[in-house]
Amino acid sequence: MAVAERTIGTSPPRKEDPELITGQARYTDDLTMPGMLHMVVVRSPFAHARIKGVDASKALAMDGVVAVYTGADLAADWAGPLLMAWAVSEDLKNPPHWPLTKDEARHQGDGVAVVLATSRAAAKDAAEAVEVDYEPLPVVVDMEAALADGAPLVHEDQGTNKAYTWSLKNGDVDAVFAAAPVVVKERYVIQRAIPTAIETRAVIADPSPAMGEYTLWSATQIPHIVRVAMVVATGIPESKLRVIAPRVGGGFGSKLQVYAEEALCLLVAKKLGRPVKWVEERSENYLATHHGRDQIQVAELAADEQGKIRGFRFNIMVNMGAYLMIITPGTPLLGAFVYCGCYGGDAYEVNFTGVFTNTTPTDAYRGAGRPEATYAIERIIEALARKVGKDPVEIRRLNFLPAFTEPTPMPGGLSIDSGNYDATLDQALELAGYDQLRKEQQVRRERGDTKQIGIGLSTYLEMCGLAPSRVLKALNYAAGGWDAATIRLSPTGKVQVIAGTSPHGQGHATTFAQIVADDLGIPFDDIEVITGDTTLAPLGMDTYGSRSIAIGGVAVHRAAMKIVEKTRRIAAHELEVSDEDLDYASGTFSVKGAPDRAKTVPGLAWSAWTAHDLPDGMEPGLEETAVYDAANFVFPYGAHICAVEVDTETGQVDILKYVAVDDVGVVINPQIVDGQVAGGVIQGIAEALFEEAVYSDDGQLLTASLTNYEVPAASDVPSIVIGRGPELPSTTNELGVKGVGETGTIASPPAVINAVIDALSHLGVTDVPRPASPENVWRTIRSTRGGDGR
Amino acid sequence: MIPAAFDYEVAESTDHAVQLLGEHGDDAKLLAGGHSLLPLMKLRLARPSVLIDIGGLSDLAYIKDAGDHVEIGALTRMCDIAASDLLRRHCGLIAEAAGQVGDPQVRHRATIGGSLAHGDPASDPPVALLTVDAELVVRGPGGERTVPASGFFTNFFETALGPQDLLTSVRVPKLAAGTGWSYQKFHRRAIDWAIVGVAALVERDDGTVKRAAVGLTNMATTPLRSAGVESALAGRPASAEAFAEAAAHAPEGTNPPSDTNASAEYRTALSSILVRRALEAAVA
Ligand SMILES: Cc1cc2nc3c(=O)[nH]c(=O)nc-3n(C[C@H](O)[C@H](O)[C@H](O)COP(=O)(O)OP(=O)(O)OC[C@H]3O[C@@H](n4cnc5c(N)ncnc54)[C@H](O)[C@@H]3O)c2cc1C
């Protein structure tokens, strides 16, 4: 019998694409319900203000307006504030975060009231007519200012703007630093970023008043978590609430959140007994959807004279914004273990201080904590290289952990699954043409060209696949990190895969179908993947932290293997041999030594359905569920090299070449992986060169539109040269997979910034602010050359 | 992103447009490509009570040879201007500047008339037209009149157009043979407006600059001509040294804005660098 061809390692056309390409995919805003009302949120224009009164009489008199509710009107209806799931420390301050503020607006865009009307336009007009009496209060946006004595307090009753402190320490750090002949110390500012998914957020709550049931459609990454969180906020029991994430147009962490508008739509739908829709406007998205990054880092390395690292120490201030959202305080912790990068050392210390400011809350943004960690170590290692007179390649090779294929401890305190850091670096150097680039750089230096070349490296270690539930407990996170899959075979051998992770652009349907196709020997086209619906896929922990393949994919594989085990018993029964007498390959059970006597999984699905002749005691049907909780994280790693050309007159930076070598273990679908790498790298380049959320001193977001929040487009970024390194299988899971959703965003910013610094190193430049915008680079050059740029 | 309520009228002809403007007075706005007006309306920064749609006036969409000048109808889209052989032959600077506007989608909607009437000092085509001394043809309640580009831009988003005026065409003088030109647009992303832009024309006589015209984008509340640079160049050799010296005059008379993309100080520094580069490119 012909063995089905393996699909793993190939790139069949994505199952998702036909409806996306033809515009037939239905996003939340495409859905409409009979009798639906439209909600618009009245938001504070002030970053900090007392709400002295709200007069909705004009709005209520307008055509089509059904209701206006203020924070005070709804105060008694909430079961609790919005969920904050990560109380990282004992000293954490967690002021309640209500869906509409009751008394004070604490950031520009804080919700003050909602207007419900029969059309979106009417709701929008009426929202303008709601008169709010604000008493402006003192504002603080800068973290260092917020911690100073006498700073205005974001939450007066907390008595401080310090949200928490958290530390991780391995070894005798102080002694290592005291004894080290070489110490380098630098300060880095990681600017605030705004995730900017193409689809803004959108919510519909559809009540069934007679039944007391609700369906909530939301452009979310986390329908399962939202469902639990809505119990906390609204008191609607889970048994009465179905959450659906239909097609979702990108998230990057910004939809890994439990938002006020989800709770508001539900509550208002409950009060009015009508469906309620809210669609976020683009400029509203900049204020009302969480931001990311925003750290001030002090990085230190202790080393010997050769530059061999002995100790790591990082002191980090993290901007929380005005409230703690679902994992605001925990986001930096996701990077806490990888501040050592892929380097060895004896002592390790990371300290975080969370700070409240009158700004939009921050939370997870693609990479969440790990881009910040990688930036710190990949910058400071170059500072060490300069100090000991080594080139950036040499300093890294000196410090790499040796290659390994069995779990191995690293300075951050975790055990890594597999890695060969020299191998990815070798490949990256070759793909980049490193030696040739260095020669070209030399030629331009000697000629004194206006445009100088710089080469930047980033050799990174990531941890992802969130997360072993026991580790989450140890870190005080409120939930687990497992995921689930159910596989159901129809009588004719077609397959439903029901997965608990929830895609928003990643291609789960394609990748999961490939795993199942290979496990069960069933054609890719006969496999349907169902996600993003708490009724159809009741068990799940959703999609973030590069977990969908490393956790969700493994659950899919395990469910498929349970199907194999059940069908094996049916096959053995039908062939009248024992289970052990059967060989299994790609969907076919054959008798050892008599390969012609065989049964296939689709045929056995029929047997399971008719149940005419099953082994004694076996239940009919073919449906299996697996829930997978990983014993460890997975650890992608790699080497990125960026070559830039810097115009030393204007400060303009152009990327000449970008090489990304990422070992993400076993690759299921190369095209999808390439897409994740390229997209991630570009998002990281955007942070390095383009994007920055800028607040004025009085807390106005100055970059609140796509015209001045500089998201680059295809024409502004290079094509990415991609390599995969040695493709060492992860030892954490039996698929050998790691994660790939965040590698690019984690690795690329320091590669780009190191390149810009390298291009200007002959002028004595050792630092450049992020983003390395033309003006920032120009200022850097001017300050080094004594003011005139010459 | 929902505009305030407005009424909508479609102009069937140029006369009809003028008539509608007369009827609706100051509350009306003409709608051409909509790529400046509609974003402002969606942000509710503009709230006209009536829109008069002139987008369908195909008799105002043309580029034609009119002897000593090329005439461009006000409804001509940027993409057609950028692709015009006639303009490339006689005044390539205009085609080049139009080709630098936004991205292909924007260029297929945005019109030259809208770009001028909007009066945004950060826009590219107005500076190019100012630099070549174009003339604008306007139909108003009192009939037709022409306005030189140098007298058209009066302030930030303000022009010589009255509330009942319709811009019908632009007359672009043909450049003398051998005139070099360049448009240097400095921006961060391809789709962005210029942080600073420089349009330059250099007419030479035997290696000497006979006439130079230099225009600056986004260096003041209106598009600007750089008199300081122009006079510093007249009669000088068309050399790198002369260009550099003249370029040092670029900041004179400017009043650049500061925003999240660039400070005024940086724009000032850029203006000299870009003027020098534009002059060099014009004669290259
Ligand atoms: C994403 C994006 C990027 C852009 N990038 C650039 C850029 O890089 N460089 C650049 O120069 N521009 C840029 N633009 C602006 C674009 O070129 C404008 O659309 C154009 O300048 C205005 O033309 P319009 O036909 O769209 O005018 P509209 O928006 O229709 O009208 C603009 C104003 O002019 C008035 N008006 C229009 N036509 C006439 C007329 N015939 N007579 C009298 N008044 C009239 C209108 O009433 C309105 O007040 C960009 C626009 C967008 C949306």
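Residues numbered from 1 in each chain as written. Chains lettered and ligands numbered in written order. Predicted model: local features only at pLDDT ≥ 70, side-chain atom pairs only at ≥ 80, totals over all residues. Heavy atoms only, no water.

Describing the overall build of chain B
So, step 1. Within chain B one finds 10 helices and 14 strands.
So, step 2. For 284 residues, the compact-globule estimate of 2.2 N^0.38 gives 19 Å, and chain B sits close to it at 19 Å.
So, step 3. Oriented by its inertia axes, the alpha-carbon framework of chain B measures out at about 60 × 45 × 35 Å.
So, step 4. Within the span of chain B, comprising 284 residues, buried residues form 55% of the whole.
So, step 5. Nonlocal contacts in chain B, meaning residues at least 24 apart in sequence, comprise 61% of its contacts between residues at least 6 apart.
So, step 6. Looking at chain B as shown, the accessible area adds up to about 11300 Å², and 50% of this sits on carbon and sulfur atoms.
So, step 7. Each charge class in chain B can be summarised by its mean position, and for the 25 positive and 34 negative side chains these summaries are 5 Å apart. (Helix = DSSP H or I, 4+ residues; strand = E, 2+ residues; numbered from the N terminus. Rg over C-alpha atoms; globule rule 2.2 N^0.38 Å. Buried < 20%, exposed > 50% of the residue type's maximum accessible area, 1.4 Å probe, protein only. Contact = heavy atoms within 4.5 Å. Areas by Shrake-Rupley, 256 points an atom, 1.4 Å probe, with all protein chains shown as cover. Lys, Arg positive; Asp, Glu negative; His and termini not counted. Charge placed at Lys NZ, Arg CZ, Asp CG, Glu CD.)

A few points about helix α15 (residues 508–520) of chain A
All names here are of chain A.
So, step 1. With 13 residues, α15 extends 18 Å between its outermost C-alpha atoms, agreeing within 8% with the 18 Å of an ideal straight helix rising 1.5 Å per residue.
So, step 2. Of all 13 residues making up α15, 13 are buried, and the element is well covered by its neighbours.
So, step 3. Count one or two residues on from α15 and you reach Gly521, which has phi positive near 65°. (Expected span 1.5 Å × (residues − 1).)

A short note on the domain arrangement of chain B
Residue and element names in this part refer to chain B.
So, step 1. Looking at chain B, the domain boundaries give domain 1 (7–53), domain 2 (60–173) and domain 3 (180–282).
So, step 2. Here the C-alpha centroids of domain 2 and domain 3 sit 20 Å apart.
So, step 3. Listed by partner, the interface residues are 25 residues for domain 2 and 23 residues for domain 3.
So, step 4. Across the domain 2 to domain 3 interface the summed buried area is about 1900 Å²; carbon plus sulfur atoms make up 64%.
So, step 5. At the boundary of domain 2 with domain 3, the tally comes to three salt bridges.
So, step 6. Note that Arg225 is salt-bridged to Asp133, the shortest N-O span being 3.0 Å.
So, step 7. Taken together, the connections running from domain 2 to domain 3 amount to nine residue pairs in polar contact (both at pLDDT 80 or more).
So, step 8. Within the residue set of the side of domain 2 that touches domain 3, elements represented by two or more residues are α4 (85–99), α7 (124–131) and β8 (153–155). (Domains from an automatic or database assignment. Buried area = accessible area lost by both parts, 1.4 Å probe. Salt bridge = Lys/Arg side-chain N within 4 Å of Asp/Glu carboxyl O. Polar contact = N/O pair within 3.5 Å; in protein donor to acceptor, adjacent residues only side chain to side chain.)

Some thoughts on the packing of helix α18 (residues 670–690) of chain A against helix α19 (residues 743–759) of chain A
All names here are of chain A.
So, step 1. In contact at an axis separation of 7 Å, α18 and α19 are set at 40° when each is read in the N-to-C sense. If you check the angle between α18 and α19, you find them oblique. Remark: the crossing between α18 and α19 carries right-handed chirality. Contacts from Val677, Gly680, Val681, Gln683, Gly684, Ile685, Glu687, Ala688 and Leu689 in α18 reach Thr743, Gly744, Thr745, Ser748, Pro749, Val752 and Ile753 in α19.
So, step 2. Residue composition of the contact of α18 with α19, by class: eight nonpolar, seven polar and one charged. (Axes fitted to C-alpha atoms, helices over the stretch in contact; angles between N-to-C directions. Parallel < 35°, antiparallel > 145°, perpendicular 65-115°, else oblique. Left-handed = near helix turned anticlockwise from the far one by under 90°. Nonpolar A, V, L, I, M, F, W, Y, C, P; charged D, E, K, R; others polar.)

Quick notes on the pairing of strand β12 (residues 276–279) of chain A
Residues and elements named next belong to chain A.
So, step 1. Burial of β12 is two-sided: the residues Val276 and Trp278 facing one way and the residues Lys277 and Val279 facing the other way are all buried.
So, step 2. In terms of strand pairing, strand β9 (residues 202–208) meets β12 through four bridges, oriented antiparallel. Within β12, the residue paired with Ala202 across the bridge is Val279. (Pairing = 2+ DSSP bridges.)

Some words on the nonpolar core
Residue and element names in this part refer to chain A.
So, step 1. The biggest cluster of nonpolar side chains holds 164 residues, and the ones touching the most others in it are Phe314, Phe352, Tyr658 and Ile685.
So, step 2. At 10 residues, the largest contribution of residues to this core is made by helix α10 (residues 370–388).
So, step 3. For this core, the domains that each give at least three residues are domain 2 (31–137 + 196–288) and domain 3 (421–461 + 634–790).
So, step 4. Not counting residues within four places of it along the chain, the set of residues in contact with Phe314 comprises Val298, Ala299, Tyr339, Glu349, Val350, Asn351, Ala376, Ile377 and Ile380.
So, step 5. Grouped together as the second largest cluster of nonpolar side chains are 47 residues, Ile8, Val495, Leu520 and Phe524 included. (Core = buried A, V, L, I, M, F, W, Y, C linked by side-chain atoms within 4.5 Å.)

Side note on empty space enclosed by the protein
All names here are of chain A.
So, step 1. Counted by the stated rule, this structure contains two cavities of 30 Å³ or more.
So, step 2. Estimates place the volume of the largest cavity at around 180 Å³.
So, step 3. Lining the largest cavity are 23 residues; nearest its centre among them are His97, His107, Ala260, Glu261 and Ala288.
So, step 4. Elements supplying a minimum of two residues to the lining of the largest cavity: β1 (37–43), α8 (260–272) and α9 (282–288).
So, step 5. No other element matches the three residues that α8 contributes to the lining of the largest cavity. (1 Å grid on protein atoms, 1.4 Å probe; cavity = no way out; pocket = protein on both sides within 12 Å on 5 of 7 lines; lining within 4 Å. Points joined across faces, edges and corners; volume = space filled by probe spheres on them.)

Some points on a nonpolar patch on the surface
Residue and element names in this part refer to chain B.
So, step 1. Taken together, the side chains of Met1, Leu43 and Leu45 make up a nonpolar region of the molecular surface, amounting to roughly 300 Å² of accessible area.
So, step 2. One can find Met1 in the segment before β1 (7–10).
So, step 3. Classification of Met1 by relative accessible area gives partly exposed; the value is 35%. (Patch = residues over 30% accessible without salt bridge, like charges linked within 9 Å, V, L, I, M, F, W, Y side chains within 5 Å.)

Quick notes on the interface of chain A and chain B
So, step 1. Between chain A and chain B, the residue contacts involve 34 residues of the former and 24 residues of the latter.
So, step 2. For the pair chain A and chain B, the summed buried area comes to about 2300 Å², and 48% of that belongs to carbon and sulfur atoms.
So, step 3. On the chain A side of the interface with chain B, the three residues burying the most area are Glu649(A), Glu710(A) and Glu775(A), jointly 22% of the side's total.
So, step 4. Taking the shortest distance from any N to any O, the salt bridge between Asp647(A) and Arg277(B) comes out at 2.7 Å.
So, step 5. Counting every contact that joins chain A to chain B gives 19 residue pairs in polar contact (both at pLDDT 80 or more).
So, step 6. Where the side of chain A that touches chain B is concerned, the elements lending two or more residues are α4 (120–129), α9, α18 and α20 (774–784) of chain A.

A word on the environment of Leu333(A)
Residues and elements named next belong to chain A.
So, step 1. Mapping Leu333 onto the fold places it in the loop between β14 (309–321) and β15 (347–356).
So, step 2. Classification of Leu333 by relative accessible area gives buried; the value is 1%.
So, step 3. In the structure, Leu333 is positioned 19 residues away from Phe352 in sequence and 8.3 Å away in space, judged by C-alpha atoms.
So, step 4. Among all residues touching Leu333, those that are not within four sequence positions of it are Trp86, Val88, Tyr164, Trp166 and Phe352.

So, the site of the ligand
All names here are of chain B.
So, step 1. Near the ligand there are 33 residues, and of these Leu30, Gly33, Gly34, His35 and Thr111 occur at the shortest range.
So, step 2. For the ligand, an oxygen atom lies 3.0 Å from a polar atom in the backbone of Gly102.
So, step 3. Lys185 places a side-chain nitrogen or oxygen 2.7 Å from an oxygen atom of the ligand.
So, step 4. Considering the ligand on its own, with 960 Å² of exposed area, one finds that the protein chains cover 93% of that surface. (Near = heavy atom within 4 Å.)

A look at unusual backbone geometry
Residues and elements named next belong to chain A.
So, step 1. Geometrically, the link from Leu466 to Ala467 is a cis peptide bond, its omega value of -15° lying close to zero.
So, step 2. Here Ala467 is to be found in the loop between β18 (451–461) and α14 (469–474).
So, step 3. With an omega of -10°, the peptide bond between Arg770 and Pro771 qualifies as cis.
So, step 4. The residue Pro771 is located in the loop between α19 and α20 in this model.
So, step 5. You will see that Asp294, though not glycine, has its phi angle at about 75°, which is positive.
So, step 6. Secondary-structure assignment places Asp294 in strand β13 (residues 292–303).
So, step 7. Positive phi values are uncommon outside glycine, yet Ser546 reaches one of about 45°.
So, step 8. Structurally, Ser546 is set in the loop between β21 (527–530) and α16 (548–575).

So, the sheet that holds strand β7 (residues 162–170) of chain A
The strands making up a sheet are joined through hydrogen bonds of the backbone, oriented either antiparallel or parallel.
All names here are of chain A.
So, step 1. Taking strand neighbours across the sheet as the criterion, the five strands line up as β7-β15-β14-β13-β8 in an open arrangement whose pairing is mixed. Every interior strand has two partners, whereas the edge strands, β7 and β8 (182–193), have only one. This sheet shows a mean twist of 10° between the axes of neighbouring strands, independent of strand direction.
So, step 2. Summarising the sheet, β8 and β13 pair through 11 bridges and their orientation is antiparallel. Bridging across to β13, Lys185 finds its partner in Glu300.

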